[in-house]
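Chain and residue survey
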Amino acid sequence: MTSQNFFDVTTEEEQAIRDSFSRSDEEIAADVAVLKEWLKKQPHLPQDLDEQFIRIVLQRNKFSLEKAKSKLDNYFSIRNLIPEFFENRDMLGDEMQNNMKQVLVVPLPRLTNNLARVILIKFTKPDSELFDFDSYIKFAFALQDLRLYKDPSDSDIFLMDCQNMKLGHVVKFNPVVVKKAMTVFLKAYSERIKGVHFINMQSYVNSLVTLIQSLLKDKLAARVQAHKNLKSLHKVISKDCLPLDYEGDEKSLSKLFVDWKKHIEGKRDWLLKQAELKSNEDLRIEGSIEEDIFGSIHGSFRTLNVD
């Protein structure tokens, strides 16, 4: 049986994405060629990069060559600056296996009407004792590594189902790590956030919502929304790409997760190798980029208070 492909994009969807940026195939190919030539002049960065990866980074930066250059540099340099986000992420190892038992993080196979990929997040049980936030972050970056190489969708919608999310889970969301991870997603992973949605939310999750909003620019913070019911959710995410659990047309979340778990475990070797692809700072022609990436993190900011 052929395994589920979670990053399928139809020919029509690909064309619609190109049209939204007013870019032809020829123009995109020319942009990719420019970046490949630029990479040859960056001895500190890995060479012979996958062409689809370059194309996806370009697209995620609205085909701005200068932004794409910056994000490519950040993407490979970040592994030296924050190795703990990328180490020990063996999908068959105890840490990642435990993470997948505690929280489901599943990219939904069908794009939304606005060409975004929905990433559904749901804790599997109310007991938070075995949930490790650092492991969750590692898994999230592993997923995004796969997507930067394989998923040409336009942008992302994050949907967090808080049904089993208890206070014990919330307090494990370390604000410093959350801010650092958010910075990496935006500055190194070319993240384009179309929306962040919460459903089945209890009052104690409000502090997490507030934290996330505080880390985003006003335009993005306005895209964070809590839904009281499925009717409200269906106004922003159509039923055709949601699992049965949310009155959608897709198979159930549990069945999707079985397929997704098999898929990402099958990428074990690739993910381990990818984590080792990093910049060689001894060969960098210009100075360190640490302050450029993390300048906004230094200094104090509001901690996560839970009432």
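Scope of this entry: the structure provided in the associated data block. (Residues numbered from 1 in each chain as written. Predicted model: local features only at pLDDT ≥ 70, side-chain atom pairs only at ≥ 80, totals over all residues. Heavy atoms only, no water.)

Turning our eyes to something else, we now look at the pattern of salt bridges. For the coordinates displayed, the defined rule picks out 24 salt bridges. Residue aspartate 145 is joined to arginine 79 by a salt bridge in which the shortest nitrogen-to-oxygen separation is 3.0 Å. Of this pair, aspartate 145 sits in helix α6 (residues 133-150) while arginine 79 is found in helix α4 (residues 65-81), placing the two residues 66 residues apart along the sequence. Arginine 192 is the salt-bridge partner of aspartate 154, the closest N and O atoms lying 3.0 Å from each other. Of the two residues, aspartate 154 is situated in the loop between α6 and β3 (155-161) and arginine 192 in the loop between α8 (175-187) and β4 (193-199); the sequence distance between them amounts to 38 residues. Across this residue pair, the class does not change: aspartate 154 and arginine 192 are buried. Bridged by salt links that share partners, the residues Arg60, Arg117, Arg147, Asp151, Asp156 and Glu191 form one connected network. (Salt bridge = Lys/Arg side-chain N within 4 Å of Asp/Glu carboxyl O. Helix = DSSP H or I, 4+ residues; strand = E, 2+ residues; numbered from the N terminus. Buried < 20%, exposed > 50% of the residue type's maximum accessible area, 1.4 Å probe, protein only.)

A separate point is a positive patch on the surface. Side chains of Lys62, Lys67, Lys217 and Lys219 sit close together on the surface and give a patch of like positive charge. Note on placement: lysine 219 falls in helix α10 (residues 218-221). (Patch = residues over 30% accessible without salt bridge, like charges linked within 9 Å, V, L, I, M, F, W, Y side chains within 5 Å. Areas by Shrake-Rupley, 256 points an atom, 1.4 Å probe, with all protein chains shown as cover. Lys, Arg positive; Asp, Glu negative; His and termini not counted. Charge placed at Lys NZ, Arg CZ, Asp CG, Glu CD.)

This next bit is on the environment of proline 175. Looking at the element boundaries, proline 175 is found in helix α8. Using a relative accessible area of 15% as the deciding quantity, one classes proline 175 as buried. Residues proline 175 and serine 153, 22 residues apart in the sequence, show an inter-C-alpha distance of 29 Å.

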